[in-house]
Structures are given as structure tokens and as C-alpha cells.
Amino acid sequence: MNWKAIWRMPTTSPALLRQSFERRVVVLGAVQGGLGVLLASRLAYLSVAQNEKYQLEAESNRVNLTLIPPRRGWVLDRNGAPLASNRADFRVDVIPERLVDADKTVNQLGQLLQLTAIEVQDLKDKLDKAHGFQPVEVKSGLDWERFAAVSVRLPDLPGVVPQRGFSRFYPTGPSVGHLIGYVGPASAEEYEKDKNPLLVTPGYKVGKDGLEKHYETLLRGQPGARRVEVTASGRVVRDLDTREDVPGKPLHLTINGPLQDYAARRLGLESGAVVVMDCWTGDLLAMVSMPSFDPNSFADGIGRIEWKMLSDDDHVPLRNKVLRGLFPPGSTVKPMVALAFLEAGLSPDDATNCGGGLRVGNRVFHCWNHGGHGRVDMAKGIYQSCDVYFYHFAQQIGMDKIAAMAKRLGLGQEFPLPVAGQSYGTVPDPAWKMKKYGKEWAVFDTVNATIGQGYMLVNPLQQAVMASRIASGLEIMPRLIHGGNQPQAKSMGFSQEHLDIVHAAMNEVVNGRGTAGRAKLPVPGVEMAGKTGTAQVVGLNIGRGKGGLWKHRDHGHFICFAPFDKPRYAAAVVIQHGGGSGAAYPVARDVMTYLFDPGKAMDVLLEMEKGWGGTPQERMAAKYAFYASQYGVSAPVVSPQAQESAVAAADEPVAPRSQPEVREAQAPAPEPVVEVSPPPAPAASPTPAPTIVLPQ
Amino acid sequence: MSRSIVPATVARQPWQVILPLTALVLFGSAVLYSAAGGHLQPWALTHVIRFVLFLAMAVVMSRFSRELFKLGSYPIYFAVLILLVLVEMLGAIGGGSQRWLNLGFMTLQPSELMKPAIVLVLARFFDALPAPMTSSWRGLVPAGGLIAVPAAFVIIQPDLGTALAICFGGFVVMFLAGLPLRWFVAGGLAGMIIAPLAYFFGLHDYQRKRVLIFMDPESDPLGSGYHITQSKIAIGSGGIFGKGFGNGSQSHLEYLPEAHTDFVFATMAEEWGLVGGLFVLLVFFLVLRWGLGVARKAPDRFSQLLAAGMVATIFFYAMINTMMVMGLAPVVGIPLPFMSHGGSSMMTNMICVGTLMAIDRWRVRPSGLS
């Protein structure tokens, strides 16, 4: 009825209008009241029912938790000297997500921090590839002035994070690159795996390679935290509380730091590896692979110039040759083979006549000395490295016994070490060949293997273990981590008489009528015993091994121990494509000298470094300067260098199945004559029978 | 008792509205004091000073006669309209977005003045319109024109909130003037059809975004949805009794945008909680109830329509603002009367209050014929 009145059209008189007004004011009032109740209940809903949720959100607005990256545990050498430590420094990072105008900010940072054009370009490259909250390092190790210049301009530099912190420092740089590895900002994959917010904290680095990676959890420590009250624009209003970080635990190695550095420097311009072991305890005193990279400069990601330097270098600085380099061991296996002969009952006085070669089947296998050694017994076979002696008796004793001895002494073995991976190579025997190639073992295979060629592939660490086991007669296991209860090495079970025979012959190599006369230690009263080895890389039809293309040259090997009469230290040196054992034993001599008389050894090194252009670090710096001037920023030649790809490339040496040395070493397989002597022989065999061509 | 002590002119004032309003303004200035980090400047003190000035203005207005209001209605409306056109042109010439005039102690937005002016002119229009014409097109078309022209100028500024307020005030007067209900129903239907069209073709991108974000604030937590999200956090985190005076983290740490103007309710609710919010709503309830009472008791058609229109204008401000801060309405730039810092809105709302006070007096001392 009422509604009809409102609804009805002719509300024409003032009285009717007044009635309608009164009704409609009531409607208006009711609507207002209704909305008021709605608002009140909404208010109550938000502040009572939803209170907890919004309180939490207000709190997470207000409080900003900043993680303080923990100081990484130190890596110490056996005497407690740091191989990797932390340096307090000023650093500046950017968080790509928070950048407003990336180009402008980068250019401004370039000015404030006095970056070079190359550094600015590198930074832009890194930013292009970066995503999200992963911080990108602009520069670390800043001085106070430059750090302050950025800090005071922070309001104009959104996304820029200046920090006082600690950065990893490797005092000896490249010398420990392969041993310890390096640290770097966590990659996206690493963050995916471990959603730890610490990983995206600016300034935090994780271990990327070597021991740094393997002992990540030990070295990491506990991050500290700072709770601050911040405004919406990120300005810190006040500190709420701070929890100190707990530094990571130190890692105590068996490595002798100065020796490690000395060995690395002594390798000079060569590509090679040096392993030194304590032959009582198995402690690894030095484990060097050169050329290397400087882990200090890897920490902030690789720049384009560095990347080009590394990828241009055919010496493969990113490969750890101690564990990942596989080489045919050449004649360094001869003491081992001799020991196998003795164990099999061969008398050391049994001799054969070396006329410069031996016919096996329808082929002649040459001795390195084409003139022949005349009558050769075991000692002479070792110290003169006569191949014919070993060709002859190996056929009598058989490959199975030799292979068993090789394995007992460590060849083809993987050792329980905290490393990313080991390429353990091959000790061939008839069963192995049947399994791998489906072919019968042939006599020429024995002949090849007995002088460390053919299928035989080892890494330098195995050679060092072999040397120390021969030296001590103990079942030495290599150790890298110091402390704990030292396992008492068991005896290998060799008769001392046999060992003495081999030791005497190896002593003769250096100190007598042997192949390494110049390896004699310049330390009175300490005599070193050793064995040379030269391993052919390509057939004689391709190269002679002494000169020509670097990658066609022979590998040089030397294994040794000292003092000869009371073995304490054993070492193995490999010079990749060094042109023969002559490249290896002087290094072994100087490294061994360093253990007994550091001063004398250092004098020799310093003299040499003058000719090489300084220490490895100085040479790298010079090379960097050269590359920078050569290519500069505009270098289009540089591969796309996302942080990830650079890191992936750095990981390449530890990639599981990469054993690139294998192919090189097997290439010369059809060529049976190995030890190439200074007067090079003409063609090896007049008619190489097709039957002896190795499969593949 | 009070009559004997207090002078008659003082006693005659409508204290039942002045006291709640003063309480609300003082409460508002306390909130502004806290929002300024515990300082009277720049907001709290000017807020009170303006209120005192405009209250004086309202008291003066309350003594104006009905005839003066009637006489002034069209001139005021057209004067404000010209000002509106003028600032629009100045803004266009200056190439900037200045839509206000600087009066020294405050800046004046002509669009603000249009809110009471539209109510005044429509009340006058329907007052003069012969009763039988109310339900014919002659009642609708001129009134519609009076609303549409200023609304159009405000909307191109662009200031959607104020344009809506002008329309709302105008429509309420038309509704109460007794225009046939089916026109409003038809208008409502037309609006439902036009709204989506206007949304897609009429609104600016940023306005469209605001509507979208109102529907789903979490879709853009760092962009425009930020306002609503942060406002809800502020209100919700306050709880029943609030975080305490001066302890609002959302406003003090600048998470809450416009903490002293459009979102002052959220600033208040964070520190005073549900209790403070209900107090504010209660004051508005008292003021609006008094206003509607004045309208119902008004002696004649002009005063009725004028009073109810003024109430609707204040109501629209308060409702849209509180709905906005609580996430029930899109973000439109409308301040909360008597709480938000800002001269123009304080002036507009005090003009409305002053007009209501005047109408209240006309009832006591009727002048002229009804």
C-alpha cells in the first residue's frame, strides 16, 4: 500500500510530495543505517577474526631479517698455515630484482668504484644472465673511500647493497686452485636444491670445486642474523637484535703448504702434475696440477677476459691432472714389473741379451736404445730402462702376474679421498681385454703393457702411491685430511730382499749408471732413487716425440723416493708432452731438494722464474693485461658467459666420463716401439703386420 | 539550569552535533599527531585550526535566512561552475594537473565546492518547480543537466571520486523531491548496462586497474593493490584495542600510503583498534541522524531537500572512504570527513554542517511561508 503510493505516478500535490519525502527519507536513513552496520561488522571482522593474520603481515612488513654470511672455515696445511683464509673486506653487490634502471645504476657504480670498461661490461654481462634475488657481485676488496662513496648515495641506487664482510683468500692462489677448488655465488640450481635463504644472501659463497665443495657443510658454519626495523622504502630505522655468526670449522690438510707452492711454481711453463707423499703415513704433502687458475679471481665469477684466457689455453688449466689426467706411464712401471718378476721367482741375475730389439711373432719390438744394451740383468734392465729385458721376461712370466702386481701397487685403483672424482685408468689383462673388446690377449699386448704403453693408463696420484709402496714395502693409502688416528700401514708382504734389489736399481738410475744422472740431489747425505719414463703419444709416422707440435710430444715421467736407504718421501712427476723423462726428473729433483734444503731449492727456482716471467700469479697478471689490451670490451670472440656456463665449464674436469687423455694415449697403439732415444730410429718395423693393429 | 548561566546565543547552538564533531576532530588530530611521528606539525595543529575557523563559518552561516540561501543558490552554483571551468582551462594551459587555487592557508578545489552547491541548486529548483511537473520530463531534464555539466567537468580532470559524490548528492535530492521511482529503477538498469561499457571505453587505464585490483587486491601486491592490502593489514593488525597511541608500525614505517589523508581511518584503527573505529562510526551515526532529523523536521520543501542533500553528501564521503580502506570499495581519492588532513574537504563538510544548522534554526524561528 505504502509502496504503491511511492510507485504511483501522479504525485502531484505539495501534500503528496511531502508524504513521499517523509517515506523516502526513512528509506534513505535505513540504507545509511544498514551500510553503517555493514561497515561496523567489516571492521570487527578485520580486526578480530582476521587479527592474527594481519598482525603477522604487519610484523613481516616491519621486521627485516638480514642474514650475516658466516665466515668460512679455514683450510690449513699440515703445520697450521692457512691455504685458504678469509679477508675482511668491503664489497658491493647488486640485486637484479630491485634494480630500477639497471644501465644507469651500473654506469653510476662504474664511476663511483672506478671500474674499468671491461669490468663494467662484465658486470652488464652478469646482470643480463642473472635473475631474481640472486645477488651479483660488483666488486669486492674495495678501499674505504670507494665503499663510502657508494654507501652515501644509496638512496639514489636502489638494488645496490654495500657490505662489510669477509671474502675468501687463497694466499698462494693458483698453486692450490685444483687442490682446494674455489668458492662462488650459489647458482640457481644449487638454490633450487637447497632452499636455504643464505644462498641468496649477498656476499655468501659456496664451495664450487675441490675440497671447498666436498667439505661445504663443514666449512660453511652458521649464519648470523640481524633483525632490523625497516620502512617501506627499505630504510633501516633501528636494530632490533643481532646474532653473531658461527664461523665454519677449519679443515686441516696433510699438505705441506710451502712445498705445494714450490712444486706449482717449479712446473713453470709446463703442463704437468707433481704428487709428493710421505711413504710412512701416506700423507699427501703436495698435489699440484699446472697450469691452474687463480681461485681468488674465480670467487666473483669469471670475467670475459679471464674466460678467454682459460679457453684459449691448450694446457687446459681447468683440468686437475693429478686426479683427472690419464697418461701411459711408460717405463716408470718397470720397478713394479721387476717386483712382479721377483715374486714370480725370477732370479735377479737372470739375464738376456739386448741387441736393440726383440722379435715377437712376425714383428720386431725395438729397445729405445737401437744399438742394444748387450747383456742385461734385472738391475741393468731398470737403471738402463732396457725394454728388451722386459719384453723377454714378461713373456715368460705372463701378463696376469704383472697386472696383479700393478693393482697391488695402486695402478688402476681409486683411493678413498675427499675429491670430486678420480679417473682411475686401466691396468690391462687378458680378462679385461676380452670383456672390453672381445679379443684374445696377444703376446704383443704383454710386451706393450710391460713398458707402460698400449692400454695401460694411470694418473699421477697412482704413480706416487706406487712409488711409495715400492719405497716402504707398506700398503700406503694416500691421505689428505690431517689428524685422526693415523692408520698403521700394513706390510705389502714383499720380501725385503726383493725390495732391496729394486731400490738398488732405482738408486743406480739417479746416482749411478742410469738414465737420470742429473737428478742427483744437491743435498749431502741424501740420495734419491727413481725411475724415468717416456711415454709416446703419437706414432712415429706422425711425430718424433721430441719436438714438433706440442701435443705430439712424448709425456715425461719420473717416480722417485728419498732418502734411498731409509725412504721417507715418495714423489711422482708428470710433464704432459714434455718431450720425455728429461723434462720430469729435474722437477722431481728440485721438489725433493726443497724437502731437505728449502733455501737451495728456492735459489734454483728464482733463477728459473726470471726466464719464465715471474711466478704463476705474475705471469697470469701479465697475460691478463695483454688480453685486456688485445681484446678489450668489444671482444666479440668471447663465448656467452653466463655465470652458470662459466661455472659449468670450470666443473668440466670433474665431469664423470671425461677421460680425454685416453684417446691420445691409445692413438699410437699400432706402433710398438716406444722409448724413443735421442738418436731417433728410422721407421719402426719394415712391414707392420695388419694383425697387430689394435682394435679401435 | 544551563539557560540561566550560559548566554542564550551559546545555548541555542546545536550542541548535540557540535560536541561529537569536536570530539571526532580532536581524535582525528591525535591520529595526525601520531602519524607525524609525535609532532603537531605539519598536520595535527592545522587540522584543529581549520576546524575552529570553519566551525565559526558554520555558526555564521547558521544565521543566514532561508531567503538568502534561496537567492544565492543559482549565483553560487554558476560561480562554482565557472571556477571549475577556469581551473580546468588553467590546468590545460599550464600543461600540468593543477586543479586547485592557492588561498594561502589552504588550497581550494572548486570541485569540492560543487558538492554542496549542487544540492543547494537542486533544492531550489524543485522548490520552485510546480508540484504537478515533478513527475514529468520538466522535472527530470533540467535537474539532470544541472548535475551532468559539473560532473562532466570534474570527470575529465580526472577525478572520479568527486564526480561520483556530485552525482550522488544530486540524485538523492531528485529522489527525495519525489521523482517517480521507476525513473530511478530505469536509471539503475541503464547504469548496469552502461557501467561495463564505461569501464571498457570511458575509464582511464589506471582507473580500470583500480577497479580490477579492488576485485582482487592480492593480484598486484606491490602495485595499486598495495594500498588496499596495506590498509587492511593496518586495520586488521590493530585488533580490538589497537597497538597503542604512537605505536602504529604500518603508518610510521610508511607502509600505509596517504596515512594522513585518504587512509587516515586505517592509521587510526591500527593504533586504536576496533574501539576507535566504532567510535568514529558512532560519531558519524550521531551527526547523520541529527542531520536527517533536521531534514524531517524542516518547515518547507526547500529546507527539506537542502538538509537531506547535505546529509547525503557527508554520508557519501564517510561511507566511500571507510569502505575503501576496509577493502569494500575501489581506491578512489575521497578523504574521511573531519579526520583526514585537508582543507577542501573540511570546508565542504563544514558548509554542509553549517547549512544544516541554519535549517535547524529556520524551524525554531520560521521565516517566510512554507
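Residues numbered from 1 in each chain as written. Chains lettered and ligands numbered in written order. Predicted model: local features only at pLDDT ≥ 70, side-chain atom pairs only at ≥ 80, totals over all residues.

Undergrad: Just checking my understanding: could you explain the overall build of chain A for this structure?
TA: Scanning chain A from terminus to terminus reveals 27 helices and 19 strands. Across the 696 residues that make up chain A, the buried fraction comes to 49%. (Helix = DSSP H or I, 4+ residues; strand = E, 2+ residues; numbered from the N terminus. Buried ≥ 20, exposed ≤ 12 C-beta atoms within 10 Å, placed from the backbone.)

Undergrad: Just to check I follow, could you spell out the packing of helix α6 (residues 110–128) of chain B against helix α8 (residues 160–176) of chain B for this structure?
TA: For any two helices packed against each other, one specifies the crossing angle of their axes together with the interaxial distance. All names here are of chain B. Relative orientation of the contacting elements α6 and α8 amounts to 15°, with a least axis distance of 9 Å. In terms of orientation, α6 and α8 fall into the roughly parallel class. Of the two elements, α6 crosses α8, and the hand of that crossing is right-handed. Listed contacts from α8 to Ser111, Glu112, Met114, Lys115, Ile118, Val119, Leu122 and Ala123 of α6 are Thr162, Ala165, Ile166, Gly169, Gly170, Val173 and Met174. Per-class residue counts for the contact of α6 with α8 are nine nonpolar, four polar and two charged. (Axes fitted to C-alpha atoms, helices over the stretch in contact; angles between N-to-C directions. Parallel < 35°, antiparallel > 145°, perpendicular 65-115°, else oblique. Left-handed = near helix turned anticlockwise from the far one by under 90°. Contact = placed C-beta atoms within 7 Å. Nonpolar A, V, L, I, M, F, W, Y, C, P; charged D, E, K, R; others polar.)

Undergrad: Could you clarify how one ought to interpret the sheet that holds strand β9 (residues 236–243) of chain A in this entry?
TA: Across a sheet, strands are paired by hydrogen bonds formed along the backbone, either parallel or antiparallel in direction. Residue and element names in this part refer to chain A. Taken in spatial order, the three strands of this open sheet run β1-β8-β9, and their pairing is antiparallel. Two strands close off the open sheet at either side, each with one partner strand: β1 (63–68) and β9. The average angle at which neighbouring strand axes cross in this sheet is 25°, direction not considered. In the sheet, β1 pairs with strand β8 (residues 224–230) via six bridges, with the strands oriented antiparallel. Within β8, the residue paired with threonine 66 across the bridge is arginine 226. (Pairing = 2+ DSSP bridges.)

Undergrad: When you look at the interface of chain A and chain B in this model, what are you seeing that I'm missing?
TA: One frequent convention defines the size of an interface as the accessible area lost when the parts assemble. The interface is formed by 42 residues belonging to chain A together with 43 residues belonging to chain B. Of all the secondary-structure elements, those providing two or more residues to the side of chain A that touches chain B are α1 (2–7), α2 (14–49), α3 (51–62) and β8 of chain A. A total of 20 residues in the side of chain A that touches chain B trace back to one element, the largest contributor, which is α2(A). Residues that form the side of chain A that touches chain B fall into these classes: 21 nonpolar, 14 polar and seven charged.

Undergrad: Hey, could you run me through the nonpolar core in this one?
TA: One recurring pattern in soluble globular proteins is that nonpolar side chains are buried together. Counting 126 residues, the largest nonpolar core has Val274(A), Val275(A), Val276(A), Ala467(A), Cys560(A), Ala571(A) and Ala588(A) as its most contacted members. Three or more residues apiece are contributed to this core by two domains, here domain 1 (64–252) and domain 2 (257–666) of chain A. When near neighbours in sequence (up to four residues on either side) are disregarded, Val274(A) contacts Ala263(A), Leu267(A), Ala286(A), Val288(A), Ala571(A), Val573(A), Val587(A) and Val591(A). In terms of nonpolar packing, the next biggest core, distinct from the first, is built from 118 residues, Leu43(A), Ile147(B), Val173(B) and Val287(B) among them. (Core = buried A, V, L, I, M, F, W, Y, C linked by C-beta atoms within 7 Å. Domains from an automatic or database assignment.)

Undergrad: Honestly, the environment of Val427(A) in this entry has me stumped. Any pointers?
TA: Residue and element names in this part refer to chain A. Mapping valine 427 onto the fold places it in the loop between α18 (399–408) and α19 (430–437). Considered as a pair, valine 427 and isoleucine 402 are 25 residues apart in the sequence and their alpha carbons are 9.4 Å apart. If near-sequence neighbours (up to four positions away) are discounted, valine 427 is found in contact with Ala403, Ala406, Lys407, Leu411, Gly412 and Met456.

Undergrad: So what exactly am I meant to see when it comes to the environment of Gln576(A) here?
TA: All names here are of chain A. By secondary structure assignment, the location of glutamine 576 is in strand β19 (residues 569–576). Judged by the 28 C-beta atoms lying within 10 Å of it, glutamine 576 is buried. For the pair formed by glutamine 576 and lysine 551, sequence separation is 25 residues and the distance between their alpha carbons is 8.5 Å. In this structure glutamine 576 touches Ser271, Gly272, Lys321, Gly325 and His555, once residues within four positions along its chain are discounted.

Undergrad: How do you make sense of the sheet that holds strand β12 (residues 284–290) of chain A when you look at a structure like this?
TA: Residue and element names in this part refer to chain A. The strand order across the open sheet formed by five strands is β12-β11-β19-β18-β17, and the pairing between neighbours is antiparallel. Of all the strands in the sheet, the pair left with one neighbour each is β12 and β17 (529–535). If you compare each strand with its neighbour and ignore which way they point, the axes differ by 10° on average. As paired strands, β17 and strand β18 (residues 555–562) are joined by seven bridges and run antiparallel to one another. Residue threonine 534 lies in a different strand from β18, and its bridge partner there is glycine 556.

Undergrad: Could you clarify how one ought to interpret unusual backbone geometry in this entry?
TA: Residues and elements named next belong to chain A. Methionine 290 connects to proline 291 through a cis peptide bond whose omega is -5°. Following the sequence through the fold, proline 291 ends up in the loop between β12 and α12 (295–298). The step from alanine 562 to proline 563 runs through a cis peptide bond, and the omega angle for that step is -15°. Among the secondary structure elements, proline 563 is positioned in the loop between β18 and β19.

Undergrad: I keep staring at the confidence of the model for chain B and nothing clicks. Help me out?
TA: Detailed conclusions should not be drawn from predicted coordinates in areas where pLDDT is low. Residue and element names in this part refer to chain B. With 90% of its residues at a pLDDT of 70 or more, chain B has an overall mean of 85. The spread of mean pLDDT over the elements of chain B runs between helix α1 (residues 2–5), the lowest at 57, and helix α13 (residues 264–297), the highest at 94. This prediction of the complex comes with two scores: 0.66 for pTM and 0.90 for ipTM. (pLDDT = per-residue confidence, 0-100.)

Undergrad: Whenever I open this one, the packing of helix α11 (residues 225–238) of chain B against α13(B) confuses me. Can you help?
TA: Residue and element names in this part refer to chain B. At a closest axis distance of 6 Å, the pairing of α11 and α13 adopts a crossing angle of 20°. Our classification of the angle between α11 and α13 gives roughly parallel. Handedness of the crossing formed by α11 with α13: left-handed. The segment α11 lies against α13, with Ser231, Ala234, Ile235, Ser237 and Gly238 engaging Ala266, Thr267, Ala269, Glu270, Glu271, Trp272 and Gly273. Among the residues forming the contact of α11 with α13, the class breakdown is five nonpolar, five polar and two charged.

Undergrad: In this structure, what is going on with the environment of Arg361(B)? I would like to understand it.
TA: Residues and elements named next belong to chain B. Within the element layout of this structure, arginine 361 appears in helix α15 (residues 343–364). In this structure arginine 361 comes out as buried when scored by C-beta crowding, with 20 C-beta atoms within 10 Å. Considered as a pair, arginine 361 and phenylalanine 64 are 297 residues apart in the sequence and their alpha carbons are 9.4 Å apart.

Undergrad: Explain α6(B) to me, please; I cannot follow it from the model alone.
TA: Three or four residues apart is the spacing at which side chains of an α-helix point the same way, because the helix has 3.6 residues per turn. Residue and element names in this part refer to chain B. For α6, with 19 residues, the first-to-last C-alpha span of 26 Å sits near the 27 Å given by 1.5 Å per residue. Along its length, α6 shows its largest kink, about 30°, at proline 116. With 17 of its 19 residues buried, α6 lies for the most part within the structure. (Expected span 1.5 Å × (residues − 1). Bend = angle between axes of the 7 residues up to and from the residue.)

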